[in-house]
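Understanding the architecture of this molecule
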Amino acid sequence: MLMAMMMPMIMACGSDDDESEDDALLAKAIGTWMCTQSTDSYRGYTSQGLLVGAQVSIKSDGTYTSTARTFGYSGTYTIKGNTITAKSGSGDTFMVTMSISGDKMTWKGTSSTGVTFNYLFVREG
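Definitions and limits used
Residues numbered from 1 in each chain as written. Predicted model: local features only at pLDDT ≥ 70, side-chain atom pairs only at ≥ 80, totals over all residues. Heavy atoms only, no water. Helix = DSSP H or I, 4+ residues; strand = E, 2+ residues; numbered from the N terminus. Buried < 20%, exposed > 50% of the residue type's maximum accessible area, 1.4 Å probe, protein only. Contact = heavy atoms within 4.5 Å. Polar contact = N/O pair within 3.5 Å; in protein donor to acceptor, adjacent residues only side chain to side chain. 1 Å grid on protein atoms, 1.4 Å probe; cavity = no way out; pocket = protein on both sides within 12 Å on 5 of 7 lines; lining within 4 Å. Points joined across faces, edges and corners; volume = space filled by probe spheres on them. Nonpolar A, V, L, I, M, F, W, Y, C, P; charged D, E, K, R; others polar. Pairing = 2+ DSSP bridges.

A word on the overall build of the protein. The helix and strand inventory of the protein stands at 1 helix and 9 strands. Shown N-terminal to C-terminal, the secondary structure of the protein runs as helices and strands in the order α-β-β-β-β-β-β-β-β-β. Within the span of the protein, comprising 125 residues, buried residues form 31% of the whole. The contacts of the protein with a sequence gap of at least 6 include a subset with a gap of at least 24, amounting to 36%.

Another aspect to go through is the environment of Ser90. Position of Ser90 among the secondary structure elements: in the loop between β6 (83-88) and β7 (93-101). Through-space distance from the C-alpha of Ser90 to that of Gly72 is 6.0 Å; in sequence the pair is 18 residues apart. A distance of 2.9 Å separates polar atoms of two side chains, one belonging to Ser90 and the other to Ser88.

Here Ser111 lies in strand β8 (residues 104-111). Side-chain polar atoms of Ser111 contact the side chain of Thr113, separated by 2.7 Å.

With that settled, the discussion passes to the layout of surface pockets. Considering only enclosed or pocket space, the largest pocket measures out at about 280 Å³ in volume. Every residue lining the largest pocket is counted, 16 residues in all, and those nearest its centre are Asp40, Thr70, Thr113, Val115 and Tyr119. Counting residues per element, the ones that place at least two in the lining of the largest pocket are β1 (31-42), β2 (45-48) and β9 (116-123). Ranked by the residues each element gives to the lining of the largest pocket, the list is headed by β1, at 3 residues. Counted by class, the lining of the largest pocket contains 9 nonpolar, 5 polar and 2 charged residues.

Let us now look at the pairing of strand β4 (residues 63-66). Going residue by residue along β4, you find Tyr64 and Ser66 tucked away on one face and Thr63 and Thr65 left uncovered on the opposite face. Relative to β4, strand β3 (residues 55-58) runs antiparallel, the two being bridged by 3 bridges. Among the inter-strand pairings, Val56 is bridged to a residue of β4, identified as Ser66. Linking β3 back to β4 in an antiparallel pair, the connection comprises 4 residues, with Gly62 at a positive phi of about 85°. Across 3 bridges, the pairing between β4 and strand β5 (residues 74-80) is antiparallel. Its bridge partner being in β5, Thr65 is matched across the sheet by Ser74.

See below:
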């Protein structure tokens with residue numbers, strides 16, 4: 001009986017932990033990043049370096065801006081775990097697995113246009 005009563009409390013604590021992990025990753029990601037390495041693949045073709053030099057600014061209000069046309073210049077995002085789901089102003093969506101170590105951030109993901117990508121960013125400023 002006691003376990004049955006404690007289960008909702010245990011489950012509620014799990015969701016708080018997930019939110020705090022999301023918040024911690026978001027806190028690390030907020031800022032402006034410069035792409036230093038990029039690999040894009042589409043329909044069997046692979047391109048290196050297309051996004052090198054592009055910037056992305058991740059803001060705490062759930063929006064981003066970018067100098068890269070492929071990101072749609074601006075849009076919105078959500079974070080769940082280490083996954084970012086972003087939607088550009090032009091309607092394209094991106095699913096990104098993100099990791100951050102020090103001043104480096106990696107993105108591995110896919111876009112709604114069928115492009116798969118692997119990017120390395122360095123924090124600016």
